[in-house]
Structures are given as structure tokens and as C-alpha cells.
Amino acid sequence: MARKLDPAKHEAKRQQILEAAISCFAKNGFHQTTTAQICTAVGMSSGNLFHYFDSKEAIIETIVAEERRETAAYFAELGAADDQFGAVLGFVDASLELATDPTYARLVLEIASEAIRNPAIHVLVRAADQEIRAGIADLLRKGMERGQIDANLDAERAATWIAALIDGVFSRLAVDPDFRPLEEADMMHLIIGRFLSAGHSPGQTIETRQNPPPATAGL
């Protein structure tokens, strides 16, 4: 008689594998990491891994998918705020906070690199990026309606440039070990504040620190 699967234990082990894989990918790179290394980090046999994930690619797909779900929930929370200008800066601050985690920062670049080589990963990463830009654009449109953000801006294009600024933070970390994201928050506020300004003083410091979105399995 087949042993009955315990869903809670199965999910706990699945999350443990994700955490171990994230650590290995960030440290060694995706292609240099073997399933055996992931299994060693978890403390399980190589054969057992495939009861949870079919391949290393499936692990990355899961990481991206869970990040998409959590980011969507975070944007829903920001969208309910009265101050949408502050919500945009809150998202930027949350991104800067996540960038201070070396494992997260390296994993972001590793997945982006894999998306260039692997069409299946590219589709997922592209969809995640589109959802982020759509979330930012939605905050911008709400802010425009409330007179908090310059209504003459194109929300979609503005969202793309804000996303590009955030992407640049991770690229900067890859080449500049002295770069400190949180120490640059005031400059990011200044750049974005001037860009979106609708009644805000261009040099005004705006306190909008919000809790960062929950990172997926240590991502």
C-alpha cells in the first residue's frame, strides 16, 4: 500500500529545497550548481529531489512564480494607500532594501542571465517584469487622478523608467562593491520625485519607508 503524502511536510521540504537552491545558485551560479550540491545542502538523496522538482529549471521557474504572486499581493497593498506618490517611493525603498541582501542581489542577476539563454525562463521573467511595470503604472495613474503625480506623464513609459532605475541598482552592485543601496535612497527619491513631481518640491525629502515585500524562500 502506497504511503499517504503529508501535504504540510511535502511543502515544508519543498521550501527547504528552494532555500538551498537559492543559496547555491547565488554562490556558484546556475550552471555551476549541481542537483547533488542542492541535495547535500538539504540533507537528502539526489533521487528524492525529483519527487519535488523535475529539474534545476523547474526550481527557477518556481522561484519566479512565487515571487510574482508575492509581488502582486504587495502591489495590491500599495494600491490601497491614500498617497500614491508615497506608494511609488515605498516600492522603490522596498527594492533597495532587498538589494542589501547579497544572496537576493546575486540571484536576481543570475536569473536575468539565465533568461537570456533559456527561452522558457525568458518567458517567465518577461511576464514578471511586465507585471511589475503594470503595478507601478497603476500606482502612477491613481496618483495622477488624485493630483499627486504629474498627469502629463505617460504612466506606462514612466513605469518602465522607474523599473529600469531599480534594475540598475542590481547591475551597479555587480560591478561596484562599495555601492550601498540604502545610502542612495535619498538620491533615488530626488530623481523620481523630480520626475513625477506634481506639487512636490523637487528637493523635498519624503519619508515613505514601508515594509519590504516578503522575499520568496529567502529570495
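Everything numeric here is computed off the predicted structure, so don't read it as measured data.

This paragraph deals with the overall build of the chain. Counting its regular elements, the chain contains nine helices and zero strands. Starting at the N terminus, the α and β elements of the chain follow one another as α-α-α-α-α-α-α-α-α. A burial count over the chain gives 41% of its 219 residues as buried.

The subject of this paragraph is the confidence of the model for the chain. Close reading of the predicted structure is inappropriate where its pLDDT is low. For the chain, mean pLDDT is 88; residues scoring 70 or higher make up 88% of the total. Per-element confidence in the chain ranges from a low mean pLDDT of 83 for helix H3 (residues 46-49) to a high of 97 for helix H8 (residues 155-175). Across residues 201-212, where pLDDT falls below 50, the model places 24 contacts with residues more than four positions away in sequence or in other chains. Under a pLDDT of 50 for its full length, residues 214-218 has, in the predicted model, 14 contacts with residues more than four places off or in other chains.

What follows is about the state of the cysteines. By the definition in use, this model includes zero disulfides. Among the cysteines around Cys24, which has no disulfide bond, Cys39 carries the closest sulfur, lying 9.6 Å off. By relative accessible area, which is 11% here, Cys24 ends up buried. Looking at Cys39, the relative accessible area reads 1%, which means it is buried.

Tallied over the entire structure, the rule returns four aromatic pairs. Taking NZ or CZ as reference, Lys56 lies 4.7 Å from the ring centre of Phe30, over its face.

With that out of the way, let us pick up the pattern of salt bridges. Tallied over the full model, the rule gives eight salt bridges. Notably, a salt bridge pairs Arg117 with Glu114, separated by 3.8 Å at the nearest N-O pair. Of this pair, Arg117 and Glu114 both sit in helix H6 (residues 102-117), three residues apart, which is roughly one turn of that helix. Residue Arg117 is classed as exposed on the basis of its relative accessible area, which comes to 52%. We note a salt bridge from Arg133 to Asp129, for which the minimum N-O separation is 2.9 Å. A residue pair is termed a helical-turn pair when its members lie 3 or 4 positions apart in one helix, as Arg133 and Asp129 do in helix H7 (residues 119-145) at four residues. The exposure class assigned to Arg133 is partly exposed, which follows from its relative accessible area of 24%. For Asp129, a relative accessible area of 27% translates into the label partly exposed.

Right, let's talk about the packing of H8 against helix H9 (residues 185-196) for a bit. Packed helices, taken two at a time, are described by the angle between their axes plus the distance between the axes. H9 packs onto H8 with a crossing angle of 170° between their chain directions and a minimal axis gap of 12 Å. By the criterion of interaxial angle, the relationship of H8 to H9 is roughly antiparallel. Contact with H8, carried on its side by Ala158, Ile162, Leu165 and Val169, involves Met188, Ile191, Ile192, Phe195 and Leu196 of H9 and no other residues of that element. Of the residues in the contact of H8 with H9, the class split is nine nonpolar, no polar and no charged.

Now for the environment of Asp83. Mapped onto the fold, Asp83 is located in the loop between helix H4 (56-79) and helix H5 (84-99). The spacing of Asp83 and Gln148 is 65 residues in sequence and 7.5 Å in space, taken between C-alpha atoms. Not counting chain neighbours up to four residues away, the residues in contact with Asp83 comprise Arg146 and Gln148. At 3.2 Å, the side chain of Asp83 and the backbone nitrogen of Phe85 are in polar contact.

On to H6, then. With 16 residues, H6 extends 23 Å from end C-alpha to end C-alpha; this agrees with the ideal 22 Å at 1.5 Å per step. Three or more residues of H6 are buried, namely Tyr104, Ala105, Leu107, Glu110, Ile111, Glu114 and Ala115. Buried residues along H6 sit against helix H1 (7-28), H4, H5, H7 and H8. Two or three places before Thr103, at the opening of H6, Asp101 has a side-chain oxygen 3.0 Å from that residue's backbone nitrogen.

Glancing now at the nonpolar core. The biggest cluster of nonpolar side chains holds 34 residues, and the ones touching the most others in it are Ile136, Leu140, Ile162 and Leu196. At 10 residues, H5 tops the list of elements feeding residues into this core. Every residue in contact with Leu140, bar those within four places of it in the chain, is listed here: Val88, Ile149, Ala155, Ala158, Ala159, Ile162 and Leu196. In this structure, Ile17, Phe25, Cys39 and Ala115 belong to the second largest nonpolar core, which totals 24 residues.

Conventions and cut-offs
- Residues numbered from 1 in each chain as written.
- Predicted model: local features only at pLDDT ≥ 70, side-chain atom pairs only at ≥ 80, totals over all residues.
- Heavy atoms only, no water.
- Helix = DSSP H or I, 4+ residues; strand = E, 2+ residues; numbered from the N terminus.
- Buried < 20%, exposed > 50% of the residue type's maximum accessible area, 1.4 Å probe, protein only.
- pLDDT = per-residue confidence, 0-100.
- Contact = heavy atoms within 4.5 Å.
- Disulfide = S-S within 2.5 Å.
- Phe/Tyr/Trp six-rings, centres within 6.5 Å; stacked < 30°, edge-to-face > 60°.
- Lys NZ or Arg CZ within 6 Å of the ring centre and 35° of its normal.
- Salt bridge = Lys/Arg side-chain N within 4 Å of Asp/Glu carboxyl O.
- Axes fitted to C-alpha atoms, helices over the stretch in contact; angles between N-to-C directions.
- Parallel < 35°, antiparallel > 145°, perpendicular 65-115°, else oblique.
- Nonpolar A, V, L, I, M, F, W, Y, C, P; charged D, E, K, R; others polar.
- Polar contact = N/O pair within 3.5 Å; in protein donor to acceptor, adjacent residues only side chain to side chain.
- Expected span 1.5 Å × (residues − 1).
- Core = buried A, V, L, I, M, F, W, Y, C linked by side-chain atoms within 4.5 Å.

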